[in-house]
Amino acid sequence: MQLVKLATGIHVRITWYAAEEQNWNNIYIGAMGEFKVHHVRFFEYTPQAVQCLAYNKDKNKLAVARSDGSIEIWNLNDSWYQEDSIPGKKGQTVEDLVWQGDRLFSAGLDGYIYEIDLVALQIKRSCPSNAGPVWCLTSNPAGTQLAAGTEGAYVVLLNTDSDTLEYSTRFEAQESRILCLSWHASDSVIVTGGVDNIRLWSTSSGRALQRITLARQDKHKETVVWCVALLSDMTIVSGDSRGKTTFWNGKHGTVIKSIQSHKADVYCLAVNTTETCVVSSGVDSSVVQFNYIAARENSDWRDWVGTFLHNHHTHDVRAVQIVGNTIVTGGVDTNLIEFDVKGAKLKDLKKKERKWRRVVSLPQRPVCQVAPSQNILLLQYANYLEVWRLGHTSRSGVNGDILPLSSNPIKLIQLKTKGSNPVYCCAISHDASLLSYSDNSSIRMYRITMVNLKSIQPDVEMTRIPVDPDKAPDGAHCMCFLSSGSRVVTVTSSSRLQVSSLAVGKLAVEHTFPAIS
């Protein structure tokens, strides 16, 4: 929910989830003390599923990729706040994310590996896999190379040393797509998972060192390995479509322990830094923790012991990360769940009460703006904007009253971006005569003329204001109009502050403040 001020004594309350009943007569203005609240139910904001997570231990930041291709950067230092958000492009997916120091890389089904510019909030550089769509991505321990698993059944290596992103080589092809992979701490071995098999590869020769074939529950149904992890002692941990989490001896290709941990596919795994704790989850939304501990009290013999953690998710879990002493999970229900890691002793595993919290997937930045003098509301969606006239009531009441509307809300404008580019930010002037928005490279401004605004069907005209090519403002991440309405202030993609105005009928930069280092 978001509360924004319209005019004196008038506030707007935005309800993110649209009401099931779309009858405008259900929209109301409630009297609350000295002001009125417009309860807006027509903002059809749609949260997006969590696709993958990547944790940066040095910076204590979590990168979250969602199903629309957007990427969020959460800073965990001060009770979770969203530091940045990179909008996704239409038709573009993010299948995996990887940190290398301060650098963030992504890969998707378009067959490219991207480096994300965390200042400009856009793609910094890209490199094709040359082997089709990319399903998974990982980094070597030294942070100088990336390995990508592809639809074309190749492991592709890319160099990232010296601030580059370049294609290096690819391994021998296997029979089918590579869905997951993990790099060994020695830098010399990579493990991959796919359909019916797990393979160990030599990074120097590009050839398979070991092949492990998984059994099928039904001879006509493939066993898909969705996730793998390779520990420093060459133990392989895998999660597959049978719902099993399996621990393998990577040196000999034999099973150490196989646990029916889930009722359906295991989609994701995470390992802590000491490699004594593994967490898995998947389609059944259950989160299970495995600890490498003494099987009995006062015993020297150690084994992987599993214990159920939680099922606070309502749908499939697609990603899991161990962040310090907590486990973070995300999936189709769009929320992030933070949960305490259980201790490494049997008595700790038996404790039932655990602290947890839900980080809901609501916008962390304002996605609605108001023109107070006209009771106009501007709503920001992924690649279009809507301008609404709010409803009106002629009645008054006491605190808590629900007042009937004498006129219903009306959508005046729907403005789609050029080429379906994502909207980074938008603003509307105090009197609703000017509207502006920015994509990743430029700002567009429009003049709005409204006649008979209070009638059942107002007359609305919108014309684009040209930009002075010699003084064109940069693409912006944040913007607002000054109270006079003749100037707009923007924070650019290069972290500079610009003041632009309408000079001789054109939008031009009036002054630029340098970036603060």
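Everything numeric here is computed off the predicted structure, so don't read it as measured data.

### Thoughts on the overall build of the chain
Alright, step 1. What the chain contains, in helices and strands, is 1 helix and 45 strands.
Alright, step 2. Sorting the 517 residues of the chain into buried and exposed places 52% on the buried side.
Alright, step 3. A separation of at least 24 residues holds for 46% of the contacts in the chain among residues at least 6 apart in sequence.

### Overview of the pairing of strand β20 (residues 208–213)
Alright, step 1. By the bridge criterion, 5 bridges tie strand β19 (residues 197–202) to β20 in an arrangement that is antiparallel. Residue pairing for β20: Asn-197 is matched across the bridge by Thr-213.
Alright, step 2. Between the end of β19 and the start of β20, which pair antiparallel, lie 5 residues, with Gly-206 showing a positive phi angle near 75°.

### Considerations on the sheet that holds strand β35 (residues 384–389)
Alright, step 1. Pairing is antiparallel across the open sheet formed by 4 strands, whose spatial order is β33-β34-β35-β37. Bordering the open sheet on either side are β33 (368–371) and β37 (410–416), each of which pairs with just one other strand. Neighbour to neighbour, the strand axes of the sheet diverge by 20° on average, direction disregarded.

### Examining the UniProt feature "repeat: WD" (unreviewed entry) in the chain
Alright, step 1. Sequence positions flagged by UniProt for "repeat: WD" (unreviewed entry) are, in local numbering, residues 43–77.
Alright, step 2. Overall, residues 43–77 shows 0% helix and 51% strand. The separation of its end C-alpha atoms is 32 Å.

### Description of a nonpolar patch on the surface
Alright, step 1. A contiguous nonpolar patch, built from Val-491, Leu-497 and Phe-513 and spanning about 210 Å² of accessible area, is present on the exposed surface.
Alright, step 2. Mapping Val-491 onto the fold places it in strand β43 (residues 487–492).

### Here we look at the pattern of salt bridges
Alright, step 1. In the structure shown here, the tally under the stated rule is 19 salt bridges.
Alright, step 2. Between Arg-177 and Glu-151 there is a salt bridge; the shortest N-O distance is 3.1 Å. Placement of the pair is Arg-177 in the loop between β16 (166–170) and β17 (180–183) and Glu-151 in the loop between β14 (145–150) and β15 (155–159), with a sequence separation of 26 residues.
Alright, step 3. By relative accessible area, Arg-177 is classed as partly exposed at 32%.
Alright, step 4. A residue is classified by how much of its surface remains accessible, and Glu-151, at 29% relative accessible area, is partly exposed.
Alright, step 5. Salt-bridge contacts for Arg-207 lead to Glu-172; the nearest nitrogen and oxygen are separated by 3.4 Å. Within this pair, whereas Arg-207 is found in the loop between β19 and β20, its partner Glu-172 is found in the loop between β16 and β17, the two being separated by 35 residues in sequence.
Alright, step 6. For Arg-207, a relative accessible area of 51% corresponds to the exposed category.
Alright, step 7. Relative accessible area serves as the criterion here: at 42%, Glu-172 is assigned to the partly exposed category.

### Some remarks on the side chain of Asp-316
Alright, step 1. Tracing the backbone shows Asp-316 in the loop between β28 (302–310) and β29 (317–323).
Alright, step 2. No salt bridge is formed by the buried Asp-316. Its closest oppositely charged neighbour is Arg-318, at 4.1 Å.
Alright, step 3. Excluding residues that lie within four positions of it along the chain, Asp-316 makes contacts with Tyr-267, Gly-282, Val-283, Gly-331 and Val-332.

### Focus on the side chain of Gln-380
Alright, step 1. Looking at the secondary structure, you find Gln-380 in strand β34 (residues 376–380).
Alright, step 2. Among the residues examined, Gln-380 registers a relative accessible area of 12% and is labelled buried.
Alright, step 3. At 3.4 Å, the side chain of Gln-380 and the backbone oxygen of Val-423 are in polar contact.

### Comments concerning the packing of aromatic side chains
Alright, step 1. Applying the stated criterion across every chain, the model contains 12 aromatic pairs.
Alright, step 2. On the basis of an interplanar angle of 75° and a centroid distance of 5.7 Å, the ring pair of Phe-247 and Phe-290 is categorised as edge-to-face. Separated by 43 residues along the polypeptide, Phe-247 in strand β23 (residues 245–249) and Phe-290 in strand β27 (residues 287–294) bring together distant segments of the chain.
Alright, step 3. Overall, the relative accessible area of 0% leaves Phe-290 in the buried class.
Alright, step 4. Taking 5.0 Å as the distance between ring centres and 35° as the angle between the ring planes, the aromatic pair formed by Tyr-292 and Trp-304 counts as tilted. Linking Tyr-292 in strand β27 with Trp-304 in strand β28, this pair joins segments that are 12 residues apart in sequence.
Alright, step 5. Three or more aromatic residues joined by ring pairs form one cluster here, namely Phe-43, Tyr-45, Tyr-381 and Tyr-384.
Alright, step 6. Against the face of Tyr-154 rests Arg-170, its NZ or CZ located 3.9 Å from the ring centre.

### Describing the pairing of strand β40 (residues 443–451)
Alright, step 1. Relative to β40, strand β39 (residues 434–438) runs antiparallel, the two sharing 5 bridges. Its bridge partner being in β40, Ser-438 is matched across the sheet by Ile-443.
Alright, step 2. Once β39 ends, the chain turns through 4 residues before running back antiparallel as β40.
Alright, step 3. Two elements, β40 and strand β41 (residues 459–465), share 7 bridges in a ladder whose sense is antiparallel. Paired with Thr-449 across the strands is Glu-461, a residue of β41.

Cut-offs used in this document
Residues numbered from 1 in each chain as written. Predicted model: local features only at pLDDT ≥ 70, side-chain atom pairs only at ≥ 80, totals over all residues. Heavy atoms only, no water. Helix = DSSP H or I, 4+ residues; strand = E, 2+ residues; numbered from the N terminus. Buried < 20%, exposed > 50% of the residue type's maximum accessible area, 1.4 Å probe, protein only. Contact = heavy atoms within 4.5 Å. Pairing = 2+ DSSP bridges. Axes fitted to C-alpha atoms, helices over the stretch in contact; angles between N-to-C directions. UniProt positions renumbered as here; feature names shortened; annotations may be inferred. Patch = residues over 30% accessible without salt bridge, like charges linked within 9 Å, V, L, I, M, F, W, Y side chains within 5 Å. Areas by Shrake-Rupley, 256 points an atom, 1.4 Å probe, with all protein chains shown as cover. Salt bridge = Lys/Arg side-chain N within 4 Å of Asp/Glu carboxyl O. Lys, Arg positive; Asp, Glu negative; His and termini not counted. Polar contact = N/O pair within 3.5 Å; in protein donor to acceptor, adjacent residues only side chain to side chain. Phe/Tyr/Trp six-rings, centres within 6.5 Å; stacked < 30°, edge-to-face > 60°. Lys NZ or Arg CZ within 6 Å of the ring centre and 35° of its normal.

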